[in-house]
Structure formats: structure tokens, C-alpha cells
Amino acid sequence: MNLTKSAVLRSAVAALALHVGVAAAQGATLSTEDYARAERFMGYNTAPLVDHVVTKLGWLAPDQLWYAEHDAGGDHYLRMDVAGGKAVALFDQAKLAAALAKLSGKSVDAAKLPLSEIAQAPDGAWQIAGKGDDHYVCRLDAAGVCQRRDKQDAEPGVLSPDGRSEAFIRHWNLWLRDVASGQETQLTTDGVENYGYATDNAGWKHTDQAILVWSPDSKRIATFQQDQRKTGEMALVSTNVGHPKVEIWKYPLVGDRDVTMIERVIIDVAGHRVLRLKMPPDQHRSSLCDDVSCGPDGGWDDVQWAPDGRTLAFVSTSRDHTHEWFRVADADSGAVREVFDEKVATYFESGNDKVNWQYLPQSNEVIWFSERSGWGQLYLYDLGSGKLKRAITGGKGNVTQVLRVDDKSRTLWFRGVGREQGVHPYYQQFYKVGFDGGQPVRLTPEAADHDVDVSPDGRWFADRYSTSDTAPIAVVRGMDDGRVAATLAKGDLSRLRASGWQPPQQITVKARDGKTDLYGLLFKPTRFDPKRKYPIVDYIYPGPQTGSVRGFEFMPAQGDNQALAELGFIVVAIDGMGTPWRSKAFHDAYFKNIADNTLPDQVAAIKELGQRYAWIDLDRVGIWGHSGGGNATVGALFHYPDFFKVGIAESGNHDNRNYEDDWAEKWQGLLVKQPDGSSNYDSQANASYAKNLKGHLLLAHGTMDDNVPPSNTLLVVDALIKANKDFDLIMIPNAHHGYGAAAQYMARRRWDYFVRYLAGDTPPKEYAMKASPTP
């Protein structure tokens, strides 16, 4: 076939154009430098650049507190007398570093001391505890002498109020250790395997920590004998050369007939006598979380002693969390009296991150928390009759945490959200109010999120406040009027901003109903180009016990949201309906329908953002999450396959019949089987919808995950194989729920996956994430 010269030229130009078009469609190739720049926005690189921020704080005495202030020189441990308002060194950090180095045989940086707990002994010596690779308890005197007890050599104990003894578990029994001499005494003798005293096992969480409450006079201990003899087991197998280690422990599942129960007891410390309360065994439940111990430091949340130690108040919770009983026990006889109860249609909660009921035997009253009005409020009950006396708080907005109660002045102090017009509904504020009700007095005037620590005598509170785009400020205020008595530190973001950091953008969008406001954060690349079209990634945690936004206070990094945005994405985190901190109706949005996972709200919100901002590409939407967020991510790709194109699901509880009983039975209800064998849990199992997958899905799980067992992900894998679907899988050998040393590897693989399949670009090969030096 003959072609003219011009025709050949036109063919060559067309071929070149086609080649260029294909190259453009294939996208850009990201360099190692691109990833390194993104990594600079990880928390381990951004947090050290925030100066004059109080990172740790505690009260030493009614008018004296200690705190750690960070700046370019490291962490400075300081002490301040509120009256004087002047900070001085808490101790000689160089001496302590030298002492710790001598004891551990490792180099210790005086500017980066690995401290977790600080207290002052009656003789003035500092008692310091540290965590990490080198567990220690150090007593540092004026001469800088430090003595260590390796915590790995002794069972963790619960210190008595007088500081003389600590109770601990050994071989399923409760023991006592004298702090001064180290002498140990056995308190109980009939504890046996799976029927032990004070044992900490909720299935998803199991530790050696003793769960108990000392009486104020240190003479008695309230605890339980935990019966898990008939509870089903969970098993995990290690990955190693040779015979594997098989980890087996008690782990109750949804629908099990036999689940863990507790038998309440009071122990007379001096007499070594065990008094069993005169009542049937209770469910292993709390009024707040999916364990009897909800706080990060252990403890038994739903138990309070009378000041004189003669009676013990506690709350019992039904298996499905719909029924609460307030009860009081006589510490001498074991007799139990039911004072009142509350039954709810969905689930009961006694606060946000804190049990809020208060036992006041001196005034013969009880302060009770309830959401019966549609918001979390406080109510005053008569302890004798069990009758409601009055509401203490009311109106719109929640009481979140009661931090102090003074029955003499009949005043209480609490944190709350959503109570101030014009203030972000997730910003915590601090209030005081009288038992007789009335308008609460706001003690924190700044429109910011306030983190509060009350002094032992209730005269002062330390207030650390900030917003997502303003530096933290730490002050001490008076509990009466909130006036500032001393300033601890004012955060400085100069070095952080000089590194290129920018704060996330607060956003408000409408929920699935087109009416309800949802709040979130949006992260853009620091080299943002409004003329470009950016793929969008939705970071999700659906709750129901928390949400996707890690907090609206200042954070130098929210996970890797900003780092991921640096690679050419818009990243959002949005708290959908079904998450806490808002109204009861908002939180109940998908009760008994866990598969909802706030996904209708995520879709509605992203579509609205796409209409609002031309630089968001709604044809390239990705999603990822961990744990409950992993569950939601798979649900997103299975239920909305034409909207979500790429998903990364880490350690998801994809079928809650294979997760611990307490969590799911609270949010999905008790398992109910129909005559045909179906149940109310069938529709929440992600594996049931595997055939719907269209996009790219990466599944990941740790093989020794003792929170969400890896079978949850493997059930989805099995269904995808049977549906003949392509997908990707990373099983991390011997990793637990958080991946440990492999966490950075997983983050890099996550970045690679979105870069390759959502942005259409090519990631650098095997980038190694590591903390980089300060820019």
C-alpha cells in the first residue's frame, strides 16, 4: 500500500499522540522524595515540632501540680505552686537519666525520659514509673539515688489508698504485697483456673491486672470471682520455625448460651475473709463499655464505696445493655438492696468515656445519668426510697463526664458538649451546677475543646484547651468562677508551620436525611492546586462507640490523613449518624443494623463535597479503616460498588458472630434464630455480599490478633474466592490488633495501593518509612 509523505507524517503524529495519551492515562511515577515528603507529616515527625505544649500533667498536692512541657530542647519536667505561679524543675533530669542508664545498661536521654507515672512519697522522694522496653519503678531522692524494681518480675498491683499495700493476682487468687518490705500475703485460697478472683478477661481484652476497688480506709477490697469455666475458647497459632505456640483463652461469642459471669465479693484484708454478696451472679458487663473495666488505667467503673467503708454501691447491667439496676450492699453482712432501676428501648450508657453516677450516702442521695430526655443529663434520686427527686441538668446538649461532686455545698462539676449556641458541638466545655438544678455556670469561656484535671481538694482545675487549628494553651483556673490563676504554657506552632504543616479544614455537611448536620475534617495537599481534580479518600471508623474524627482539638497529625493527602489526595474524616457525643436519637441511628456503618452518611457527605468543590473527583472515591473501620470499608465496596472504587480494610470485625459477645450484643441486640435457621445477624456479615465486589480491595489482618480474631477476615477471603473475585491480602505474621513493628510497613502498602489504583500513579518501589530528622 502506497502512502504519501504527508500521510506518513500524519500517521506518525497520530501514533505519538496515542502514545502520549496512554502515558497520561497511566499517570505519574512518584519518587522516593515524594514519599519522604509525605512522611514528614506523620505524627512522629510533627509532634516534636510543637513547642511549649503540656504533654503530661498531674496534681501533687491541693495547690501544687507537676507537668511536662515540650520544646526544641526536649521534655522539661516542672513543678508549680498555684499561688506563686512560678515553675521550677520537678527533679534533676540529668541525674535521673544517669541513674536509669546505670540500671538498664542503656543510654537514656535526659530530654526524652520514658516516664509514665509521677508521685511524691510522704518523705518527699519522687516515685517514678516508666513504660516501654525498660519497665521500672524508681525512687529518686535528693542525692539522685534511684532504686528499681523491674515490673516484669512482679505481678501488676493495685495500690491501697494509704499507699502501704498493693493487691495483685497470682494463680487465680488475690494476694497482698507490702510496699515497704515486699512481703506477700495470700488473701483468697479457693480461686482455680477460669474461676479466679479479680481476673481481667473480657475476651477481646485480657491482662494480668487485678480488677478491684479498695475501701477508703484500705481495710476492705470489693472485687469478684469470675466464672468462665463454661465459656467458649479462642485459639491462635504463632508463625515460627518448629512447633508453633498455641494461645488459648476464654472468649465468649454472640449467642453463646454460657458466657462469663461475675460473683461479687468483699474481702476483709486483715482477716483474710471473703464475704459473698447475697445475690445471683451478675453479667460481665458495665454501664459504659464492653468490659467491666473501661478506663485506660484499669479499675472497676461501676462500683463505689461509702466514705466510711460500711456500704458499697454498684450498678448491674443486663446482657444486652438495656436494663440497669442501682444496688447497695452492706459490707458486714453482704445483704444487697435494689434502690431503683432503668429500662431502655435500645441500650443504656452512663456517660461518655466515664461512668457518671455518684453514690452520696451522707445526704442519702444518688446522682444518676440518663439519656431519657434525648440527651445525656443528670438526675437526683432519694437513696432510701429510690424515687426521683428532680432533674439537675436539662435542655439540649450532653453531660459527658462528672469530674467532681461536693455534697456539702451541694455542687457538682462536669464536662459537656453541645450546650452552647455558636460553639462547635464537639468542643468539650466545663461547668458547675447545684444539686437543685438551674442554669449550669460555664467555667471555660473559650470556644475550644477543654481537657480538665481537677485538684485533689477541688479548688482548682488545670485546663488544656485548643482547636484543630490553634495551639494548645494550659492554665490553672479556680473551680468557683473559672478565673485564670496561673499559666502553665502557651503552645507555639512556629517550627511546625515552618516545616510546611497546615491544619485540616473543619467541614459541615448534611446526613442521609438531608437535614442533620454532620461534622468532619478535610485534608488537602500542602501544594494544593485548585485547578486539579483530586481523588478523595474517606477515612472511616463507624462507631457506634466512637467516630472517624479522632478529635476536634489540636493534633499535629490525625493518623496519616495529612501524609496521605500529600501524595495527591483529598482525605476526609466524617462522624456519621450512629456515633456518640450528639443526641440519643443521633446515636441510635443504626441500632440493630450494624451493617449500616454510617455508610449512607459517608456517601451523602462526599457527594455534597463533590458538588461544593470542583477539585474533588467523584469518579475516584476510596475508603479505608481499621477494626470497625475495616468492617465498614468492606461493606462500602460490597454495598456501594459503583461509588467506592478502592478500599483497604484492616483487621475488620466482618462477622460479629465471630467477635466478642459484649460489643455486638449491645449494638445489634441478642442473637435471635428463626425456625428456618436464619438470624438477625445474617445481614451484618460482610461475606454474604462478596459477589458485589467491583473495585480494588486490600484486606489485612494480624495472625495473632486477640481482639478481632483473624477468622473475621478469612471468612471474607473464603467468600471472595467462592465468588471468583480478585482481591489482595496481607496477613502479618504474629501481629496483634495494632500490627506493632509492622505498622509502618502496612502504612506504606496502604499508600501504594491508593496511589496505584485510585490515583492511577506509580509508587516508588518498597519505600522504607522511618522517622526523619527535623526539616
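All figures in this text were calculated on a predicted structure; none of them were measured in a lab. (Residues numbered from 1 in each chain as written. Predicted model: local features only at pLDDT ≥ 70, side-chain atom pairs only at ≥ 80, totals over all residues. Heavy atoms only, no water.)

Undergrad: Go over unusual backbone geometry, please, and point to the residues and values.
TA: Residue Gly543 is joined to Pro544 through a cis peptide bond whose omega torsion reads 5 degrees. Structurally, Pro544 is set in the loop between β41 (534-539) and α6 (561-565). The backbone of Ala198 shows a phi angle near 65 degrees, a positive value even though the residue is not glycine. With respect to the element layout, Ala198 can be found in the loop between β13 (195-197) and β14 (200-201). Despite not being glycine, Arg410 has its phi angle at roughly 55 degrees, a positive value. Tracing the chain through its elements places Arg410 in the loop between β31 (398-406) and β32 (411-417). Owing to a relative accessible area of 27%, Arg410 belongs among the partly exposed residues under this scheme. (Helix = DSSP H or I, 4+ residues; strand = E, 2+ residues; numbered from the N terminus. Buried < 20%, exposed > 50% of the residue type's maximum accessible area, 1.4 Å probe, protein only.)

Undergrad: I'd like a description of the side chain of Asn352, backed by residues and values.
TA: With respect to the element layout, Asn352 can be found in the loop between β26 (336-343) and β27 (358-360). For Asn352, a relative accessible area of 12% gives the class buried.

Undergrad: Tell me about the layout of surface pockets, residues and numbers included.
TA: In this structure, the second largest pocket encloses a volume near 510 Å³. As for the second largest pocket, its lining consists of 20 residues, of which Trp172, Thr199, Thr207, Asp208 and Gln228 are closest to the centre. Those elements that place two or more of their residues in the lining of the second largest pocket are β10 (165-170), β14, β15 (206-207) and β19 (246-250). Here the lining of the second largest pocket gets four residues from one element, more than from any other, and that element is β19. Among the residues forming the lining of the second largest pocket, the class breakdown is five nonpolar, seven polar and eight charged. (1 Å grid on protein atoms, 1.4 Å probe; cavity = no way out; pocket = protein on both sides within 12 Å on 5 of 7 lines; lining within 4 Å. Points joined across faces, edges and corners; volume = space filled by probe spheres on them. Nonpolar A, V, L, I, M, F, W, Y, C, P; charged D, E, K, R; others polar.)

Undergrad: I'd like to hear about the nonpolar core, residue by residue, with values.
TA: Formed by 50 residues in total, the largest nonpolar core has its most connected members in Val537, Leu564, Leu567, Phe569, Met746, Trp751 and Phe754. Per element, the largest residue contribution to this core is six residues, and it comes from helix α12 (residues 743-757). When residues no more than four places from it in sequence are discounted, the contact partners of Trp751 are Tyr35, Ala38, Glu39, Met42, Asp560, Ala563, Leu564, Leu567 and Met769. (Core = buried A, V, L, I, M, F, W, Y, C linked by side-chain atoms within 4.5 Å. Contact = heavy atoms within 4.5 Å.)

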